[in-house]
Amino acid sequence: MSGLDLERVSRSFGGTRAVDQVDLTVRAGEVVCLLGPSGCGKTTTLRLAAGLEAADSGEVRIGGSVVDGGGAFVPPEARRVGLVFQDYALFPHLTVLENVAFGLPNGRDKAEQAMELLRRVNLSERASDHPHRLSGGEQQRVALSRALAPRPVLMLLDEPFSGLNFRLRDRIGEESLSLLRATGTATLMVTHDSDEAMRLADRIAVMRAGRIVQIGAPLDLYDRPVDLFVAEFFSEINKLPSVVENGLVPTAAGAVAAPGVPDGSPVVVAVRPEAVRWSAAGTAGSMGAQALSVHPMGAYVLVKLKDTVRDIRYLMRVEHGSAPAVGAQVQVTLDPRGSFVFPADEGAVEGR
Amino acid sequence: MTTLAETGLPITRRRPRIDGWTVAALGIAAATTLPVLVVAASVLFPAGDAWAHLASTVLGDYVLNTVWLVLGVAALTFTIGVATAWLVTMCTFPGRRVLEWALILPLAMPAYAVAYTYAEVLDYAGSVQSWLRASFGWGRADYWFPEVRSVGGAVLMLGLVLYPYVYMLARAAFLSQSVCLLEISRTLGSGPWRTFLRVGLPMARPAIVTGIVLALMETVGDYGVVQHFSVSTFSTGIFRTWYGLGNLTAATQLAAALLAVVFLLSALERFARGGAAYHHTSTRYRPLPAFALRGPKRFAAITACGLPLLLGFLVPAGLLTLWAVQTAPRVLNERFWGYVLNSVVVAGLAAFLAVAVALVLAFAARLRPGAVTTWASRVSTLGYAVPGAVVAVGVMIPFGWFDNTLDSWMRDHVGISTGLLLSGTLAAMLFAYVVRFLAISFNAVESGMTKITPNMDRAARSLGAGPWSALRRIHTPLLRGSLLTAAVLVFVDTMKELPATLILRPFNFDTLAIRTFEIASDERLAEAASYALSIVIAGLLPVILLSAAIARSRPGQS
């Protein structure tokens, strides 16, 4: 059963297409992350699903029924969606318990139901406190419980963890999403943090300028990005311009295969830092480089290298303890697993 | 190693606990609370038969009328203020941009001027009823027409000019609400109307309550409207007991009763606010949703917002203008301009003094932060809640006592009579204005002060500027706008002020407000129009300032 279906949904503001012909499905119990730079249309997509915006064209379905499209528009209060904002937007005039009970129908066990939800997130003792007395993590849990209380078919999270410090973010993120998976709720989460998306999502949809550029499992996107933009979203990228010769792309650090790309095409080879490999300089030659600086990052080390002949710099990522010394002459090769060939004209989208 | 003394650097001693700033703050606090204390202390003295007489005759009326006024004005200002604020903040409809600021205009109207205008038009002899009789051939007993000179009429007049307090504060509260909260409420199953009732309204409650209480303070202190409509309240009672019965003690005790009403209202506000204003739990602001209204809803919104503006400002201002033009040849003579000058000079002096005193208080609190200065500024600004008549009585008594004591001592010992040095002078009047309006100037100065962070002080100090130099080079230029706002607000309130001016003015010293009142009391309303209109025109100044301030107040939008 599907939680959310967007079919060719568009929404413009003024002359700008904030969301442009977006197709997206989120199945029950699945977590899909909308990932993209600010202004790419990911938040508008979320708001279209919530009913806080109406689509100009296309169709929005929640739990299989049409909520927007073909002349119909179901207002947010009738959509059975839950919504959590970055700053949680707890009602300041209500207690924690009243916040959670807000969306529950009036009835005898309203308070008891809300209490049960608070117990699930270990906050039953804070039930009668007002929101401002809670820590950031606690507020986040209240906001999630409040959104979950009316048992929504679809949960919409707008950068829900970015208000937390980074250690808390990991833990709360995993707890929250396991709760959502356990309740079979379809979850659409907006984030600009690729690490977070990678860690938490079942699938990631990368958006740019109102369109979904690529959608798939996190590792699919990491290992097989469709373009430079997607590749750059998940790590720093070394960009080596070149031209295809005989199905191969020669670079200063060796050739990379480019199957299906016509000879003579200008291309960019995108190389993830961990796909840059080094060995001690044995034979002097064109592939030599020098280690300019070494930056320990804990478990791994970032090394900045400079080609000894040409003005090319590389960013290399190696394990802790396996970095060259500063100033050392090294030999550089590329691991094809983290090296991608893209048409050179895509350089136009580099500037994110 | 050299000791600090050997370096030759200037060394200041630890400053003493009590210094000039603290003394000044305490002095201001003592002086401004004096009138209130005098009035409050009056209950300790016997007032003779007069009090028993009052209790058996009119006191019941005073209480009852005051209760009706308070309830009526509260209901009316709440309804008009909140409804218009919500509509112009959350919805779009034709004319909204204009209404946003125009809805504050009635604030420029002195309540008594509105009352005079409507009484003139709606009375039995007024143009509306005369027209009805002429058109339908009715006689006196053939029709029913609501009596404007009644408690209900007074409620309507006061509500029409006082609702902007609620409107302004409610609108500021709605503007500062995060839309996220309203959107969350929608996704949790509450429609737009229920969202307003369950989230928008409760979150704005502290602001709304404050607005209503401000309106009620003005209501219980009002003298012009109730006097003209013959509605007996504590305010009219003070005048009647003093000037009619000649019993100052009983009048003072009535003032004390009025004071008690005011404190009750303040306590009510504290209670209803339920502690502090709500903390903002959301810091994200997107543009307000602006529901576009269509069809009948659009018409209803325009009517709901247009009617208070029409009745509270456009109609009375229009009528006043009409009459002023008709009577201009008779009224606009040298004497008229003399009254204008009197009003402007007195209001200007009051504004200057109130701002200067407020600055001293604010600087004292800044330079000597602590319980003493905080307490002093809090106490000094209590006067705003105190009705003009009460302040006037509280000023009159000690000043009169001082004059009499000094006079008799001088006659006994020196052989000359000093006469009245303080009472019945401009000084007494200005003192009363400062007591009453210090809160306005102080709040404006202080709100400007909070924008100057303590780190700016520290930065200035670390760059070699002493405290005085910092005040002069950092604070004063940054405060200029706030000082101007403060001065304008006090200026206009002084121009409008009626009861305190009536009691305290020097003999034969008339202002625009006094002349408006006196001429209107003679039922020569058309002639009073020029005077009233002058006050209205002055009153438009702060309204313009306030409108601009409100428009800027939304966080995240410059």
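Every chain is numbered on its own, with residues counted from 1 as its sequence reads. Whichever chain is written first is A, and whichever ligand is written first is 1; the rest continue in order. With pLDDT at 70 or above as the cut-off, local features in this predicted model cover only qualifying residues; side-chain atom pairs require 80 or more to be listed or tallied, and sums for whole chains, interfaces and linings still use all residues. Side-chain calculation: all heavy atoms of the structure are included, whereas hydrogens and water are not.

We now examine the overall build of chain A. Regarding its fold elements, chain A presents 8 helices and 21 strands. Each principal axis of the C-alpha atoms in chain A carries an extent, and together these give about 80 × 45 × 35 Å. Across the 352 residues of chain A, 52% fall into the buried class. To measure how exposed things are, a 1.4 Å probe is used in the Shrake-Rupley method; for residues, cover is taken only from the protein chains shown. Approximately 15,400 Å² of chain A is accessible, and the part contributed by carbon and sulfur atoms is 50%. Asp and Glu count as negative and Lys and Arg as positive, but His and the ends of the chain are not part of the count. The atom standing in for a charge is NZ when the residue is Lys, CZ when it is Arg, CG when it is Asp and CD when it is Glu. Within chain A, one finds 37 positive and 42 negative side-chain charges whose respective centroids are separated by 3 Å. Segments assigned H or I by DSSP are reported as helices when at least four residues long, segments assigned E as strands when at least two residues long, and all are numbered from the N terminus. Three labels apply to residues, based on accessible area from a 1.4 Å probe with only protein chains included: buried if under 20% of the type maximum, exposed if over 50%, partly exposed otherwise in between.

With that out of the way, let us pick up the overall build of chain B. Helices and strands together make up the secondary structure of chain B, namely 22 helices and 2 strands. Looking at chain B as a whole, 53% of its 558 residues qualify as buried. Contact criterion: two residues are considered in contact whenever any of their non-hydrogen atoms come within 4.5 Å of each other. For chain B, contacts bridging at least 24 residues in sequence account for 82% of all contacts bridging at least 6. Total accessible area computed for chain B in this model is approximately 25,800 Å², and 67% of it derives from carbon and sulfur atoms.

To continue, consider the nonpolar core. For the purposes of this section, nonpolar cores are sets of buried Ala, Val, Leu, Ile, Met, Phe, Trp, Tyr and Cys residues that join through side-chain atoms within 4.5 Å. Formed by 186 residues in total, the largest nonpolar core has its most connected members in L4(A), L156(A), L188(A), F93(B), F174(B), F229(B) and I238(B). Beyond its immediate chain neighbours, meaning those up to four positions away, F229(B) contacts A115(B), A119(B), V148(B), R149(B), S150(B), G153(B), A154(B) and M157(B). Residues L148(A), A149(A), L179(A) and F233(A) belong to the second largest nonpolar core, which totals 44 residues.

Here we take up the sheet that holds strand 1 (residues 2-13) of chain A. Residue and element names in this part refer to chain A. A strand pair is defined by DSSP finding two or more bridges across the two strands. Sheet architecture is open: 5 strands sit in the order 2-1-4-5-6, paired in antiparallel fashion. Both edges of this open sheet fall to strand 2 (16-27) and strand 6 (72-73), since each of them pairs with a single strand only. Two elements, strand 4 (residues 57-62) and strand 5 (residues 65-69), share 3 bridges in a ladder whose sense is antiparallel. Bridge pairing links R61 to V66 in strand 5.

Attention now moves to the packing of aromatic side chains. Under the pairing criterion, centres of Phe, Tyr and Trp rings, with the six-membered ring standing for Trp, must be within 6.5 Å; the plane angle then separates stacked pairs below 30 degrees from edge-to-face pairs above 60, leaving the rest tilted. Applying the stated criterion to the full structure yields 22 aromatic pairs over all chains. Between F136(B) and W138(B) the ring centres are 4.8 Å apart and the planes differ by 20 degrees, which places this aromatic pair in the stacked class. Ring geometry for Y433(B) and F437(B): centres 6.3 Å apart, planes at 15 degrees, overall stacked. Here Y433(B) and its partner F437(B) are both found in helix 17 (residues 426-450), 4 residues apart, which amounts to about one turn of the helix. Of the residues examined, F437(B) reaches a relative accessible area of 2% and is grouped as buried. Put simply, the rings of Y223(B), F239(B), W242(B), Y243(B) and F517(B) touch in pairs and so form one group of aromatic residues. Above the plane of the ring of F91(A) lies R146(A), whose end atom (NZ or CZ) is 4.6 Å from the centre. The residue whose ring lies beneath R272(A) is Y222(A), and the NZ or CZ to ring-centre distance is 3.9 Å. Charge-over-ring placement is defined geometrically: NZ (Lys) or CZ (Arg) within 6 Å of the ring centre, and within 35 degrees of the ring normal.

This part takes up the interface of chain A and chain B. Frequently, the measure chosen for interface size is the accessible area that the parts lose on association. With 24 residues of chain A in contact, the opposing surface of chain B contributes 23 residues. Summed over both partners, buried area is the accessible surface (1.4 Å probe) that two parts give up on being assembled. Sorting the residues of chain A by area buried against chain B places E77(A), H93(A) and F102(A) first, and these three jointly supply 28% of that buried surface. Any carboxyl oxygen of Asp or Glu that lies within 4 Å of a side-chain nitrogen of Lys or Arg is treated as forming a salt bridge with it. At the boundary of chain A with chain B, the tally comes to 2 salt bridges. For R47(A), the salt bridge goes to E183(B), with nearest N and O atoms at 2.7 Å. Residues are grouped as follows: Ala, Val, Leu, Ile, Met, Phe, Trp, Tyr, Cys and Pro are nonpolar; Asp, Glu, Lys and Arg are charged; every other residue, Gly included, is polar. Across the side of chain A that touches chain B, the residue classes break down as 14 nonpolar, 5 polar and 5 charged.

Attention now moves to unusual backbone geometry. Residues and elements named next belong to chain A. Here A89, not a glycine, exhibits a phi torsion of approximately 50 degrees, which is positive. By relative accessible area, A89 is classed as buried at 0%. One non-glycine residue, N122, lies in the positive phi region at around 60 degrees. Tracing the backbone through its elements, the reader meets N122 in the loop between helix 3 (110-120) and helix 4 (136-148).

Moving on, we come to the sheet that holds strand 21 (residues 339-343) of chain A. Residue and element names in this part refer to chain A. Read from one edge of the open sheet, 3 strands run 12-15-21, paired in antiparallel fashion. At either margin of the open sheet sits one strand with a lone partner, and together these are strand 12 (238-243) and strand 21. With strand direction ignored, the average angle separating the axes of adjacent strands in the sheet is 30 degrees. As judged from the 5 bridges shared by strand 15 (residues 266-271) and strand 21, these two strands associate in the antiparallel manner. For helices, the axis comes from a line fit to the C-alpha atoms of the stretch in contact; other axes are also lines fit to C-alpha atoms, and the angle between any two N-to-C directions lies between 0 and 180 degrees.

Okay, the side chain of Q140(A) next. Relative to the helices and strands, Q140(A) is located in helix 4. Ignoring anything within four residues of it in the chain, the contact list for Q140(A) reads Y88(A), P160(A), F161(A), L164(A), I172(A) and S176(A).

Residue and element names in this part refer to chain B. Of all the 10 residues making up helix 21 (residues 512-521), 8 are buried; the element is thus mostly covered by neighbouring parts of the structure. Taken as a whole, helix 21 has its buried residues at L512, A513, I514, R515, T516, F517, I519 and A520. Immediately downstream of helix 21, the backbone of E523 shows phi near 60 degrees, a positive value.

Overall, the coordinates contain 40 salt bridges over all chains when judged by the stated rule. E59(A) serves as the salt-bridge partner of R61(A), at 2.6 Å between the closest nitrogen and oxygen. For E59(A), a relative accessible area of 25% puts it in the partly exposed group. Taking the shortest distance from any N to any O, the salt bridge between D123(B) and R149(B) comes out at 3.2 Å. Highlighted residues: D123(B) in the loop between helix 5 (111-122) and helix 6 (127-136) and R149(B) in the loop between helix 6 and helix 7 (151-176), separated in sequence by 26 residues. We classify R149(B) as partly exposed; its relative accessible area is 22%.

Another point: the pairing of strand 9 (residues 186-191) of chain A. Residue and element names in this part refer to chain A. Among the 6 residues in strand 9, 6 count as buried, and that is most of the element. Both faces of strand 9 are covered, namely the face carrying A186, L188 and V190 and the face carrying T187, M189 and T191. As defined by bridge partners, strand 3 (residues 31-35) adjoins strand 9 across 5 bridges and the pair is classed as parallel. Across the sheet, residue L35 finds its bridge partner in strand 9, namely T191. Pairing of strand 8 (residues 154-158) with strand 9 involves 5 bridges; the strand directions are parallel.

The end-to-end C-alpha distance of helix 19 (residues 467-496) of chain B is 38 Å, clearly below the 44 Å that 30 residues give at a rise of 1.5 Å each. Axes are fitted to the seven residues ending at a residue and to the seven starting at it; the angle between these axes is taken as the bend at that residue. The largest bend along helix 19 of chain B measures about 55 degrees and falls at R480(B). Expected helix span is computed as 1.5 Å times (number of residues minus one).

A separate point is the state of the cysteines. Cysteine sulfur atoms that come within 2.5 Å of each other are treated as a disulfide pair. Within the structure shown, the criterion is met by 0 disulfides over all chains. Here C40(A) is not disulfide-linked; the sulfur of C33(A) is the nearest cysteine sulfur, at 12 Å. This cysteine, C91(B), is not joined by any disulfide, and C305(B) carries the nearest cysteine sulfur, 8.7 Å off. The buried category is assigned to C91(B), whose relative accessible area is 7%.

In this section: the confidence of the model for chain A. The pLDDT value tells you how sure the predictor is about a given residue, anywhere from 0 up to 100. This prediction gives chain A a mean pLDDT of 88; 96% of its residues lie at or above 70. Within the model, pLDDT remains below 50 along residues 347-352 of chain A, and this stretch shows 7 contacts once partners closer than five positions in the same chain are excluded.

All names here are of chain B. Along the chain, R205 falls in helix 9 (residues 192-221). What makes R205 partly exposed here is its relative accessible area of 37%. In this structure the C-alpha to C-alpha distance between R205 and W86, which are 119 residues apart in sequence, comes to 13 Å.

Another aspect to go through is the confidence of the model for chain B. Residues and elements named next belong to chain B. Per-residue confidence for chain B averages 83 on the pLDDT scale, and 91% of its residues sit at or above 70. No element of chain B has a lower mean pLDDT than helix 2 (residues 49-57), which averages 74, and none a higher one than helix 3 (residues 59-90), which averages 93. In the predicted structure, residues 554-558 sits below a pLDDT of 50 and forms 13 contacts with residues beyond four places in sequence or in another chain. Predicted as a complex, the structure gets a pTM of 0.79 and an ipTM equal to 0.76.

Residues and elements named next belong to chain B. At a minimum axis separation of 8 Å, helix 1 (residues 20-41) and helix 16 (residues 388-413) run at an interaxial angle of 90 degrees. Taken as axis vectors, helix 1 and helix 16 run roughly perpendicular relative to one another. Each of L34, P35, V38 and V39 in helix 1 lies in contact with helix 16, whose residues at this interface are V390, V391, V393, G394, V395, I397 and P398. For classification purposes, an angle smaller than 35 degrees is called roughly parallel, one larger than 145 roughly antiparallel, one from 65 to 115 roughly perpendicular, and anything else oblique.

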